[in-house]
Amino acid sequence: MNSLAPDVAIASTVQLAAAGDEVAFARIVAAHRAEMVRVAYVVSGDWDLAQDAAQAALWIAWRKLTTVRDPTRLRPWLMSVAANEARAVLRRQRRHPVVELTIAIDRISAGDPGDEIGQVDLSNALHRLNPEDRALVVLPLYYCYGRS
């Protein structure tokens, strides 16, 4: 068998996928996804984050596959996209840390002045958030329960 055959097959698959062939792209995903997750894990040190980064990297690859100059270099290109996306996810995570809100209401009964304390705690917690994070908490409630 000719040593050029695998390179021609890779180039053909990349060319088809770049033209929008979903089956060809599925072959690329099947061949490289696990390794992209491993690369993202090495960069991030977090398995869930690595899965997310690899998934995002595949979306990027689908959109930018036409920019691959040498289809035989597809594997290194995909690994660099996965590593870059893992770094980007880490940067975004540091910029927007998760703020956990806990509200405990011990007892609820009609007419008890203590019933209001949960609302005060929630209000205080919301005011400590920056406006963007506050919107993430409030807007889903706004759309689910109406605009009362």
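Details of the structure are given in the entry above.
Just so we're clear, the structure is a prediction, and the values are computed from it rather than from any experiment.

Conventions we followed
Position labels on residues start from 1 in each chain and follow its written sequence. Restriction of local features to residues with pLDDT of at least 70 applies here, the model being predicted, together with a cutoff of 80 or more for giving and counting side-chain atom pairs; totals for whole chains, interfaces and linings are based on all residues. As a rule here, side-chain values come from all non-hydrogen atoms in the structure, and water together with hydrogens is ignored. Strands are runs of DSSP state E lasting at least two residues, helices are runs of H or I lasting at least four, and both sets are numbered from the N terminus onward. Contacts: residue pairs with any heavy atoms within 4.5 Å of one another. We get accessible surface area from the Shrake-Rupley algorithm with a probe of 1.4 Å; when it comes to residues, only the shown protein chains can shield them. Any helix carries an expected span of 1.5 Å times its number of residues minus one. Note on bend: the value at a residue is the angle between axes fitted to the seven residues ending there and to the seven starting there. Exposure is judged per residue with a 1.4 Å probe applied to protein chains only, and the accessible area is read against the type maximum: over 50% gives exposed, under 20% gives buried, and values in between give partly exposed. Distance and chemistry together define a polar contact, namely a pair of N or O atoms within 3.5 Å, with one atom able to donate a hydrogen and the other to accept it when in protein, and with adjacent residues in sequence counting only for side-chain atoms on both sides. Salt bridge, as used here: a side-chain nitrogen of Lys or Arg that lies within 4 Å of a carboxyl oxygen of Asp or Glu.

### Some points on the overall build of the chain
Then, in step 1: When its secondary structure is counted, the chain shows six helices and zero strands.
Then, in step 2: Put simply, the chain runs from its N terminus to its C terminus through helices and strands in the order α-α-α-α-α-α.
Then, in step 3: Once local pairs closer than 6 in sequence are excluded, the contacts in the chain between residues at least 24 apart make up 57%.
Then, in step 4: Element-wise, carbon and sulfur atoms account for 56% of the exposed surface of the chain, whose accessible area totals about 10,600 Å².

### Looking at helix 2 (residues 22–44)
Then, in step 1: Helix length check: helix 2 (23 residues) gives 29 Å between terminal C-alpha atoms against 33 Å at 1.5 Å per residue, more than 12% under.
Then, in step 2: Of all the bends in helix 2, the greatest, near 50 degrees, is centred on His32.
Then, in step 3: Those residues of helix 2 that sit buried are Ala24, Phe25, Ile28, Val29, His32, Met36, Val37, Ala40 and Ser44.
Then, in step 4: Between the side-chain oxygen at the start of helix 2 and the backbone nitrogen of Val23 there is a gap of 2.9 Å, and the oxygen is on Asp21.
Then, in step 5: Downstream of helix 2 by a residue or two, Gly45 has a phi angle that is positive, lying close to 75 degrees.

### Description of the side chain of Thr13
Then, in step 1: By secondary structure assignment, the location of Thr13 is in helix 1 (residues 4–18).
Then, in step 2: For Thr13, a relative accessible area of 18% gives the class buried.

### Notes on the pattern of salt bridges
Then, in step 1: All told, the structure shown has two salt bridges when counted by the stated rule.
Then, in step 2: For Glu35, the salt bridge goes to Arg75, with nearest N and O atoms at 2.4 Å. Note that Glu35 is positioned in helix 2 and Arg75 in helix 4 (residues 74–95), a separation of 40 residues in sequence.
Then, in step 3: Between Glu85 and Arg92 there is a salt bridge whose closest N-O contact spans 3.1 Å.
Then, in step 4: On the accessibility criterion, Glu85 (11% relative accessible area) is buried.
Then, in step 5: Relative accessible area serves as the criterion here: at 39%, Arg92 is assigned to the partly exposed category.

Functional significance is not addressed by these values, which are geometric in nature.
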